[in-house]
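# Summary of structural features
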Amino acid sequence: MRLSTRTVFAAAGLALAMAATGCGADDGDGGSTAGSGSKKVEVFTWWADGGEKAGLDNLVAQFKTDCPAQQFENGAVAGGAGANAKQVLASRLQQSDPPDTFQAHAGAELSDYIKAGQIEDLSADYKTWGLTTAFPAGLIESLTVEGKIYSVPANIHRANVLWGNKKVLTDAGITKPATTLPELFTQLDTLKSKGIAAPLALGKDWTQEMLFEAVLISDLGPDKFSGLWKGTTDWAGADVTKAINDYKKLLSYSNKDRDTFDWTDAEKNLMDGKAGYQLMGDWVAADLDTKGFKDYNYSVFPGNGTAYQWLADSFVLPKGAKNVEGTKCWLKTLGSAAGQKAFNTKKGSIPARTDAVAADYPAYQQSAIADWAKAVAVPSCPHGSACSQGWQGAVNSAQGKFSGDGNVADLQKALVAAAKQFAVK
Ligand code: GAL
């Protein structure tokens, strides 16, 4: 498996002119070869609330239309980025009690399940469902091992987005989001001087890693950043030390209770006007919309330029799934133009399919679709496109420790050690 490169993605782009097509005329309802017992399809995700649930609900409605003989069963386990869900899933897989399908990030995270022999090859289904050319080649690569494709992608999310509370910013005389790190520091100082004690809303470990990665992209540039995950950039380098110091400074503007916060708690600080900014993935767009909060703006994280830190939610067919036929109907719906539109218009992400129609989407996604077309694609570790789950765990605990002690040398040492242990040789 090779992680997607910017060249492959950029070449694929999103062709936006073609009309979206629904499932083909040969669509079954997943009930034709019944007799295998269960008609329940347990779909395991961490999309339990807000914009995440709104996206899932819309997809489920499409599934009900496409697969009337099947019954959706919600196996969601709440907790941002799958912090809790992944643990529950691991123990279920270990006990040979898989859900019918589960959410897995494209890239290194998916390859964990492939290497462990826990999921089925879907290459033949890709052909049957006409999916082989539906997605960008770079994305397909991140779902493929030794020529076999193992999952169906639902979307492409962007991680490196800075969300702003417009009123808080304008009250402080800030009329434009910061475009460089020094400018961001100046704006955060201004917000502090206007009485916003913790102007940068932040959550726990994985959300801290997201902020740190955004700083790394600014300080190293996209290519060297991607190289950190491929073994071509040295984690022990002086530029990484600089990024840790910049990140440490950013932490000083964040809420002190960050280690107890999920991303939605930090988002609440932003909505309540306790913060001016939050760095978070574009599921925030859907969540703020679902919560009826309109007074926000968004921009790429200062200094990230055209870097689009991508991640993709995909769904798999686990070995030993009880309702294979129903699961295949779910996967087919997910990969269809109608399924992708139903899901992504509500989820804040852009469709993985290249034949989506930009005008069908809310304003945020329209801007993301335009950015993606000219983007430099870089991966994300907390959201699996860059690193395995073992690596994610090591990085999360290093971030948690750093949040408490601020020891720059220790964090860098831990990151070097994690790369040494987990990077694919
Ligand atoms: C990501 C996932 C997104 C979103 C986010 C916050 O890992 O890919 O779809 O759910 O976590 O929970």
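Attention here is on the structure that accompanies the text. (Residues numbered from 1 in each chain as written. Predicted model: local features only at pLDDT ≥ 70, side-chain atom pairs only at ≥ 80, totals over all residues. Heavy atoms only, no water.)

## Regarding the site of the ligand
Taken together, 13 residues lie around the ligand, and E52, H105, D313, K347 and H383 are the ones closest in. For the ligand, an oxygen atom lies 2.7 Å from a polar atom in the side chain of H105. K347 places a polar side-chain atom, nitrogen or oxygen, 2.7 Å from an oxygen atom of the ligand. Calculation on the ligand without its partners gives an accessible area of 310 Å², and the protein chains cover 100% of this total. (Near = heavy atom within 4 Å. Polar contact = N/O pair within 3.5 Å; in protein donor to acceptor, adjacent residues only side chain to side chain. Areas by Shrake-Rupley, 256 points an atom, 1.4 Å probe, with all protein chains shown as cover.)

## Some words on the environment of G237
Looking at the secondary structure, you find G237 in the loop between α10 (222-230) and α11 (238-251). It is 9.2 Å that separates the C-alpha atoms of G237 and Q412, two residues lying 175 residues apart in sequence. (Helix = DSSP H or I, 4+ residues; strand = E, 2+ residues; numbered from the N terminus.)

## So, the sheet that holds strand β9 (residues 200-201)
Hydrogen bonds between backbone groups are what pair the strands of a sheet, and the pairing can be parallel or antiparallel. Within the open sheet, the 4 strands sit side by side as β9-β10-β8-β11. Their pairing is mixed. The two strands at the open ends of the sheet, each matched to only one other strand, are β9 and β11 (296-300). When strand β8 (residues 161-165) meets β11, the two strands line up antiparallel, connected through 5 bridges. Note that in β11 the partner of V161 across the bridge is V300. Against the sheet, helix α12 (residues 263-271) contacts β8, β9 and β10 (277-280), and its axis sits at roughly 150° relative to β10. (Pairing = 2+ DSSP bridges. Contact = heavy atoms within 4.5 Å. Axes fitted to C-alpha atoms, helices over the stretch in contact; angles between N-to-C directions.)

## Focus on the packing of helix α2 (residues 50-66) against helix α14 (residues 324-335)
Between α2 and α14, whose axes approach to 10 Å, the crossing angle comes to 115°. For the pair α2 and α14, the sense of crossing is right-handed. Counting all contacts with α2, which are made through L56, L59, V60, Q62, F63 and D66, the residues of α14 involved are G326, C329, W330, T333 and L334. Of the residues contributing to the contact of α2 with α14, the split by class is 7 nonpolar, 3 polar and 1 charged. (Left-handed = near helix turned anticlockwise from the far one by under 90°. Nonpolar A, V, L, I, M, F, W, Y, C, P; charged D, E, K, R; others polar.)

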